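Reading the structure
If you want the building blocks of each chain, they are given just below.
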Amino acid sequence: MREALALNLLLFLPVIGIVALTRAPATRADLVRAIAFVTMALQFALAVWLYACFDPARAGLQFETRLPWIAQWGVYYQVGLDGNNVLLVLLTAFLGPLVVASAFTAIDRHVKLFYAMVLATQFAMVGAFVAQDLFLFYFFWEAMMVPMFFIIGIWGGQRRIYATLKFVLYTAFGSILMLAAVIYLVVSLSTAGGITSFAFTDLQGAANLPLGVQTILLAAFGLSFAIKVPIVPLHTWLPDAHVEAPTAGSVILAGVLLKMGTYGFMKIGFPLFPLATQMLAPVIATLAVVSIVYGACLALVQTDIKKVIAYSSISHLGYVMLGLASFNLLGIQGAIMQMVSHGLVAGGLFIMVGMIYERCHTRDIAAYGGLAKLLPAYAVFFAILTLASIGLPTTSGFTGEFLALFGYFSTAWPLAAQGETLPLVLAVTAVSGVVLGALYMLWLAQRLLFGAARAPHQPSVDLDLREKSILAAIVAAVFWLGLFPAEPMRATEQAAREYRELVTAGRPAPPVALRGTP
């Protein structure tokens, strides 16, 4: 009971923080920043406590709250934690205070409004993760777009209006299709079963819908989720949004918001429509591999530091989709770990881009060199996050990418023995993304950190205590996931098994089981 109350408090803490901000004088920027930071810190403390209370051996929902909201429509305020969302809620709460702290010196106008928008985004993102009712999920899904619109549109770069409109148009188009699919799905199940409900568990009856209907519904949900991931060719809004967004906006986008798409596939899209998912699995895996390779190739030719990291996000999230399409336990768990790892590493790299931009006012790679001599502490943290991004063992990047690839290979190998070679070709091609990832990230680090020392506005000041603390927290989390993955993986195991059972319902067992493969 107390855990359920704590989860609701965790969800609504940002709203309480917004109310507190309204009471603070607009001229007291220091007080505004302190309120926002304390709110986020308390939310993170609650998330850690709930994670410690979470029982990984129990399947299904924990710390659940279910209250009638619009009862005549079958809409309930239903929230809870399971293995699908517990790490993502922890990640969102972890990044919250770091996002706030990273903006202390970067945002100096409309400070009160800015932090109110950050807290509102945090509320919507956590709400989308913990929602267990499709109506509630859609409410939070749409709500997070509004504060992001203002964060990019008000505090963004020179082309912020263009980037904002593009971001909103893409996501709104996907949302409309999802809304139509939600209405059709609920009405269809209500007609067939006589019960109108938006609860995820009740909507699993969609698995009995004909294949054609499932395919259309999955396409509608999937387009909305694929835009958010983003999957190639629906990715073009992402680089513009990242480049024009302030540092805090980029961290929110890369750290959490992109995970909404992959989480949507894992929690809603694939489990609700298993027949369509199985039929389209080769297409999903192909798009994932195209995203891995194409995103990496685009990152190789960028001259803007932010664009390199933005395109790398497209590549890294391709591994998440590949793991989900593997229908293999380790592959699914690898997908979840990769979501968390990417949130940490990409979020950290975007914070570092913001730090160097504050000092030198340019993101042009050619303007820098020899930063290891000019900014030694900055260089150390950048090198660590670069190595985590390319998946060096002992870092979180290795855990996620290795498990996702291993899971897909485990599925592809027996199929190849039966003559179905496409999955194996895709698995081998996906490995090339690891090589390309190492190439563009090491090349970026080599150009920034080594060679002749140069940077605009020399001499530059190295990281201060606040900046070192932010990056040290991220690096500690990266190594925690890399060195001790067993504990977080236990938290996801039951949910991964449930996902596999739902998605592969009615599917023939794999012809050959590899030794040691779950």
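Residues numbered from 1 in each chain as written. Predicted model: local features only at pLDDT ≥ 70, side-chain atom pairs only at ≥ 80, totals over all residues. Heavy atoms only, no water.

Our working definition: UniProt positions are given in the numbering used here, feature names are shortened, and annotations may be inferred rather than shown by experiment.
If you look the chain up in an unreviewed UniProt entry, it shows as NADH-quinone oxidoreductase subunit M from Usitatibacter palustris. UniProt, in the comment section headed Sequence similarities (unreviewed entry), describes the chain in these words: "Belongs to the complex I subunit 4 family."

1. A short note on the overall build of the chain
Worth spelling out the cut-off: Strands are runs of DSSP state E lasting at least two residues, helices are runs of H or I lasting at least four, and both sets are numbered from the N terminus onward. Two things to know: the radius of gyration comes from C-alpha atoms, and the globule rule equals 2.2 Å times the number of residues to the power 0.38. Using a 1.4 Å probe on the protein chains alone, a residue whose accessible area is under 20% of its type maximum counts as buried, one over 50% counts as exposed, and one in between counts as partly exposed. Whether two residues are in contact is decided by their heavy atoms: any pair within 4.5 Å suffices. Here the open area of atoms and residues is found with the Shrake-Rupley method and a 1.4 Å probe, where only the protein chains shown may cover a residue. The charge count treats Lys and Arg as positive and Asp and Glu as negative. His and the chain ends do not count. Lysine's charge is taken at NZ, arginine's at CZ, aspartate's at CG and glutamate's at CD.
Helix and strand counts for the chain stand at 21 helices and 2 strands. Its C-alpha atoms give the chain a radius of gyration of 22 Å, within 12% of the compact-globule value 24 Å for 518 residues. Projected onto the principal axes, the alpha-carbon positions of the chain cover approximately 70 × 55 × 40 Å. Here the chain holds 518 residues, and 60% of them are scored as buried. Across the chain, contacts joining residues at least 24 apart in sequence account for 81% of those joining residues at least 6 apart. Taken as a whole, the chain presents about 19100 Å² of accessible surface, with 69% of it coming from carbon and sulfur. Side chains of the chain carry 28 positive and 23 negative charges; the gap between the two charge centres is 6 Å.

2. Quick look at the pairing of strand β1 (residues 62–70)
The two faces of a sheet get side chains in turn, since along a regular strand they alternate between them. What counts is decided by this rule: For two strands to count as paired, DSSP must find a minimum of two bridges between them.
Where β1 lies against strand β2 (residues 75–81), 6 bridges are found, and the strand directions are antiparallel. Residue pairing in the sheet places leucine 67 in a bridge with tyrosine 77 of β2. Linking two consecutive strands that pair antiparallel, namely β1 and β2, is a turn of 4 residues; a positive phi of about 75° is found at glycine 74 within it.

3. With respect to the UniProt feature "domain: NADH:quinone oxidoreductase/Mrp antiporter transmembrane" (unreviewed entry) in the chain
According to UniProt, the positions carrying the feature "domain: NADH:quinone oxidoreductase/Mrp antiporter transmembrane" (unreviewed entry) are residues 131–416. Within the segment residues 131–416, helix and strand shares are 80% and 0% respectively, and the terminal C-alpha atoms sit 39 Å apart.

4. Re the nonpolar core
To keep it simple, the criterion reads: Working definition of a nonpolar core: buried Ala, Val, Leu, Ile, Met, Phe, Trp, Tyr and Cys residues. They are joined through side-chain atoms within 4.5 Å.
Judged by nonpolar contacts, the single largest core of 194 residues is most densely connected at Leu134, Phe137, Leu185, Phe221 and Leu324. With 19 residues, the single largest contributor to this core is helix α15 (residues 329–360). Residues contacting leucine 185, with those up to four places away along its chain left out, are Leu134, Leu203, Ala206, Leu209, Leu217, Phe221, Leu272 and Phe273.

5. Describing the packing of helix α4 (residues 111–130) against helix α5 (residues 134–143)
Relative placement of two packed helices is described by the angle separating their axes and the distance separating the axes. Just so we agree on the cut-off: Only C-alpha atoms enter the line fits that serve as axes; for helices the fit covers just the stretch in contact. Angles between N-to-C directions range over 0 to 180 degrees. Comment on the angle field: the value is read as roughly parallel under 35 degrees, roughly antiparallel over 145, roughly perpendicular from 65 to 115, and oblique elsewhere. By convention, the crossing between two helices is left-handed when the near helix turns anticlockwise from the far helix through less than a right angle, and right-handed when the turn is clockwise. Residues are grouped as follows: Ala, Val, Leu, Ile, Met, Phe, Trp, Tyr, Cys and Pro are nonpolar; Asp, Glu, Lys and Arg are charged; all remaining types, including Gly, are polar.
Put simply, α4 and α5 touch, their axes get as near as 8 Å, and they point 150° apart. Relative to α5, the element α4 lies roughly antiparallel. Between α4 and α5 lies a crossing whose hand is left-handed. From α4, Phe123, Ala124, Gly127 and Ala128 reach across to α5, where they touch Phe137, Phe140 and Ala143. Classifying every residue of the contact of α4 with α5 by side-chain character gives 6 nonpolar, 1 polar and no charged.

6. Remarks on unusual backbone geometry
Of the consecutive residues valine 229 and proline 230, the connecting peptide bond is found in the cis state with omega at -10°. With an omega of 15°, the peptide bond between valine 232 and proline 233 qualifies as cis. Its location among the elements puts proline 233 in the loop between α9 (211–228) and α10 (237–244). Here phenylalanine 63, not a glycine, exhibits a phi torsion of approximately 55°, which is positive. Within the element layout of this structure, phenylalanine 63 appears in strand β1. Here the phi dihedral of histidine 110 falls at roughly 50°; this positive angle occurs in a residue that is not glycine. Considering the arrangement of structural elements, one finds histidine 110 in the loop between α3 (86–102) and α4.

7. A short note on helix α2 (residues 29–53)
Note the threshold: To estimate the expected span of a helix, count its residues, drop one, and scale the result by 1.5 Å.
A rise of 1.5 Å per residue sets the reference length of α2, with its 25 residues, at 36 Å; its end C-alpha atoms lie 36 Å apart and thus fit the reference within 8%. Within α2, the full set of buried residues consists of Ala29, Val32, Arg33, Ile35, Ala36, Thr39, Met40, Gln43, Leu46, Ala47, Leu50 and Tyr51.

8. Considering a nonpolar patch on the surface
Heads up, the condition is: Patch criteria: residues need more than 30% relative accessible area and no salt bridge. Like-charged residues are merged within 9 Å; nonpolar side chains of Val, Leu, Ile, Met, Phe, Trp and Tyr are merged within 5 Å. For this analysis, a salt bridge means a side-chain nitrogen from Lys or Arg found within 4 Å of a carboxyl oxygen belonging to Asp or Glu.
A cluster of nonpolar side chains, contributed by Val146, Phe149, Phe150, Ile161, Leu165 and Leu169, occupies part of the molecular surface with about 560 Å² of accessible area. If you list the elements that add at least two residues to the nonpolar patch, you get α6 (145–155) and α7 (160–193). Within the secondary structure, phenylalanine 150 is located in helix α6.

9. Notes on the side chain of asparagine 85
Counted only if it meets this: The definition of a polar contact used here is a pair of N or O atoms within 3.5 Å, where within protein one atom must be able to donate a hydrogen and the other to accept one, and adjacent residues in sequence count solely through side-chain atom pairs.
Checked against the element boundaries, asparagine 85 lands in the loop between β2 and α3. Separated by 3.1 Å, the side chain of asparagine 85 and the backbone oxygen of glycine 80 make a polar contact. Not counting residues up to four positions away in its chain, the partners in contact with asparagine 85 are Gly80, Phe129, Val130, Gln132 and Tyr263.

10. Thoughts on the environment of alanine 219
In this structure, alanine 219 sits in helix α9. A relative accessible area of 47% means that alanine 219 is categorised as partly exposed. Linking alanine 219 and leucine 177, residues 42 residues apart in sequence, is a C-alpha distance of 9.0 Å.

11. Comments concerning helix α20 (residues 465–483)
Counted only if it meets this: The reported arc concerns the directions from the helix axis to the C-beta atoms and nothing else.
Over its 19 residues, α20 runs 26 Å from end to end, which matches the ideal 27 Å to within 8%, given 1.5 Å per residue. The set of residues buried in α20 consists of Glu467, Ile470, Leu471, Ile474, Val475, Ala477, Val478, Leu481 and Gly482. Buried positions in α20, seen along its axis, are confined to an arc of 155° and lie on one side of it. Residues of α20 that are buried sit in contact with α3, α15, α17 (376–389), α18 (396–417) and α21 (486–503). Near the N-terminus of α20, the side chain that reaches the backbone nitrogen of arginine 466, with its oxygen 3.2 Å away, is that of aspartate 464.

12. Side note on the environment of isoleucine 231
Following the sequence through the fold, isoleucine 231 ends up in the loop between α9 and α10. Judged by its relative accessible area of 8%, isoleucine 231 is buried. Expressed as a C-alpha distance, the spacing of isoleucine 231 and isoleucine 314, which sit 83 residues apart in the sequence, is 6.8 Å. The contact partners of isoleucine 231, leaving out residues within four places of it in the chain, are Ala226, Phe265, Leu287, Ser291 and Met321.

13. Notes on the packing of aromatic side chains
Test applied: To pair, rings of Phe, Tyr and Trp, with the six-membered ring standing in for Trp, must have centres within 6.5 Å; the planes then decide the type, stacked if under 30 degrees apart, edge-to-face if over 60, and tilted in the middle.
As enumerated under the stated definition, the model contains 27 aromatic pairs in all. For the ring pair phenylalanine 149 and phenylalanine 150, a centre distance of 5.4 Å and an interplane angle of 85° mean the geometry is edge-to-face. The class of phenylalanine 149 is partly exposed, set by a relative accessible area of 32%. On the basis of relative accessibility, which here comes to 34%, the residue phenylalanine 150 falls in the partly exposed class. Joined through ring pairs, the aromatic side chains of Phe12, Trp69, Trp73, Tyr77, Phe123, Phe135, Phe139, Phe140 and Phe198 make up one cluster.

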